[in-house]
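A closer look at the structure
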Amino acid sequence: MNGVAAQYLELCKPKVVAMIVFTAMVGMFLASPGLVPLPLLLIASAGIGLASASAAAVNHLLDRKADAEMVRTRHRPLPTGQLSTRQVLVFAVVLGVLGLALLYLWVNPLTAVLTGVSLIGYAIIYTVYLKRATPQNIVIGGAAGAAPPLLGWVAVTGQLDPQAFILFLIIFVWTPPHFWALAIYRRHDYAAVGIPMLPVTHGVPFTRWQILFYTLLLVLVTLFPYLIGMSGLFYLLGALVLGGGFLYYAVRLLNSDEEQLAMRVFSYSVWYLGALFLFLLIDHYLPIAHPLFGPR
């Protein structure tokens, strides 16, 4: 990949978008009793992915000044001058319009509208206002990042169902412990640019307790798919094992001053979410009756 293409790809935050598309695809499969029609799967995934990449590019654009001062982000295309603000703006608009058009024309209008709301929620409301307004920025702004499986569900059904909101809730509750672990490790960067992340405003010990609280809440929330008959024992066992691992790391973090441990918690949280949704997907197609609700 040549240098310019690599810079545009970095704007898209490909690892984040890959997780977004994966959780959206799981939402599609869970909404379908059989396999999702391939054209719908591909078009909906492309539309959601393009819109997510657009939001990421807008985030780069609006955060360019802070990014230039933070160690973690100063290498990005805008702070280094490898791309101009005009180039990034045009790129973001093209991706967003193309993604939403795909969803509106070939999936359904509700998916396009909800995806557009999520794009605005992350790229504008969170980045411009919430991120700098309150240490609860991640909690409130997490709603936009939690939308992908709900979007996938709506892409198949054309409507909002309670099961879709459970998938949304899982990612919504997962987001604070995931991001606060990173924020602990990068707190000096955030403090330097005046972004009121929780460990900056309330200190690291308080943030560790919050990570533990949200991790406990996450373990409880991940039981909901089993409790309502949406998923079976295979998923339940996987969720409990993964949740136990997350709790192990959260407790370790609570009782340790090791700086690198926060990054290990962050890394585990990424792996955790992918594995959890993989368990949901596999369980959906296992021919095993639910012990409470019978055959699925």
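Refer to the preceding data block for the structure.
Presented here is a report on the structure given in the accompanying data block. (Residues numbered from 1 in each chain as written. Predicted model: local features only at pLDDT ≥ 70, side-chain atom pairs only at ≥ 80, totals over all residues. Heavy atoms only, no water.)

A few words now on the packing of helix 9 (residues 162-185) against helix 12 (residues 204-221). Where helix 9 meets helix 12, the axes come as close as 9 Å, and the angle between the chain directions of the two elements is 155 degrees. Between helix 9 and helix 12, the angle falls in the class roughly antiparallel. Handedness of the crossing formed by helix 9 with helix 12: left-handed. Every residue of helix 12 that contacts helix 9 at Leu169, Ile170, Val173, Trp174, Pro176, Pro177, Trp180, Ala181 and Ile184 is listed here: Val204, Thr207, Arg208, Gln210, Ile211, Tyr214, Thr215, Leu217, Leu218 and Val221. Looking at the contact of helix 9 with helix 12 residue by residue, the classes come out as 15 nonpolar, three polar and one charged. (Axes fitted to C-alpha atoms, helices over the stretch in contact; angles between N-to-C directions. Helix = DSSP H or I, 4+ residues; strand = E, 2+ residues; numbered from the N terminus. Parallel < 35°, antiparallel > 145°, perpendicular 65-115°, else oblique. Left-handed = near helix turned anticlockwise from the far one by under 90°. Contact = heavy atoms within 4.5 Å. Nonpolar A, V, L, I, M, F, W, Y, C, P; charged D, E, K, R; others polar.)

Attention shifts here to helix 8 (residues 148-157). For helix 8, the tally of buried residues reaches eight of 10 residues, placing the bulk of the element in the interior. Within the sequence span of helix 8, burial applies to Pro148, Pro149, Leu150, Leu151, Gly152, Trp153, Val154 and Ala155. Glycine 158 occupies a position one or two residues after helix 8 and carries a positive phi of about 75 degrees. (Buried < 20%, exposed > 50% of the residue type's maximum accessible area, 1.4 Å probe, protein only.)

This structure, assessed with the given rule, holds 14 aromatic pairs. Centre to centre, the rings of phenylalanine 168 and phenylalanine 172 are 6.0 Å apart; their planes meet at 10 degrees, and the pair counts as stacked. Residue phenylalanine 168 and its partner phenylalanine 172 are located together in helix 9, separated by four residues, close to a single helical turn. Owing to a relative accessible area of 25%, phenylalanine 172 belongs among the partly exposed residues under this scheme. Taken together, the ring pairs in this structure connect Phe246, Tyr248, Tyr249, Tyr268, Trp271 and Tyr272 into an aromatic cluster. (Phe/Tyr/Trp six-rings, centres within 6.5 Å; stacked < 30°, edge-to-face > 60°.)

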